Amino acid sequence: MSRIGKAIIEIPAGVTVTNNNGIVTVKGPKGELTQELTDGISIEEKDGVITVSRPSDSKQHKALHGLYRALINNMIVGAGIGFTKQLELVGVGYRASHSGQKLELALGFSHGIVVELPKEVAVDTLTEKGKNPIITLSSHDKQLLGMVAAKIRSFRKPEPYKGKGVKFVGEIIRRKAGKSA
């Protein structure tokens, strides 16, 4: 059995999980998410615990077993608690501000960058004197949150010489030595 696939998923209080003909719906205080199950992967709910099972030991079913268990677990955690990601802007003159669902970035280009965020993603910017600006993104959908964070990071990826760019908080940038004189 897959180590990830055979692990049980506990349903916290306030979160409901329904399975309707292979479509799993998770509702919680943070939001609602759905996922379609394919290839015979089935879930069973008993006493507030979900187990994911597969029909055979084929390579395809083994891969999907762990995948769908992880997706369903992320849906339950997202609907109950939610997810957050923090991005840090490292560089002189790099700024971030937001108004509603629009994020405005100044990343050293001749023009500012305006990003329209999906309504499921909440944004907050923090600028303190003497510290790098920090963008905090939060959502109940882990996949969407990761895509939005990666899109923002792609505007100015951290470079290896001075470390300037948009990076995740806690990310370690591999540095290179410059020219030797």
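Residues numbered from 1 in each chain as written. Predicted model: local features only at pLDDT ≥ 70, side-chain atom pairs only at ≥ 80, totals over all residues. Heavy atoms only, no water.

**Here's the deal with the sheet that holds strand S4 (residues 32–36)**
And step 1. Ordered by their spatial adjacency, three strands build an open sheet running S2-S3-S4, and the pairing between neighbours is antiparallel. The open sheet terminates on both sides in strands that have one partner only, identified here as strand S2 (16–20) and S4. Pairwise comparison of adjacent strand axes, ignoring direction, gives a mean angle of 15° for this sheet.
And step 2. Relative to S4, strand S3 (residues 23–27) runs antiparallel, the two being bridged by five bridges. (Pairing = 2+ DSSP bridges. Helix = DSSP H or I, 4+ residues; strand = E, 2+ residues; numbered from the N terminus. Axes fitted to C-alpha atoms, helices over the stretch in contact; angles between N-to-C directions.)

**Section: the sheet that holds strand S9 (residues 102–106)**
And step 1. In space, the three strands of this open sheet follow the order S8-S9-S10, with antiparallel pairing throughout. The strands lining the two open edges of the sheet, one partner per strand, are strand S8 (95–99) and strand S10 (113–116). Within the sheet, the average angular offset between the axes of one strand and its neighbour, ignoring direction, is 20°.
And step 2. The pairing of S8 with S9 spans five bridges and is antiparallel. Looking at S9, one finds that Arg95 is bridged to Ala106.

**Concerning the packing of aromatic side chains**
And step 1. With the rule as written, the count across this model stands at zero aromatic pairs.
And step 2. A cation over a ring is seen here: Lys85 above Phe168, with NZ or CZ 5.6 Å from the ring centre.
And step 3. Taking the ring centre of Phe109 as reference, the NZ or CZ of Arg156 above it sits at 4.3 Å. (Phe/Tyr/Trp six-rings, centres within 6.5 Å; stacked < 30°, edge-to-face > 60°. Lys NZ or Arg CZ within 6 Å of the ring centre and 35° of its normal.)

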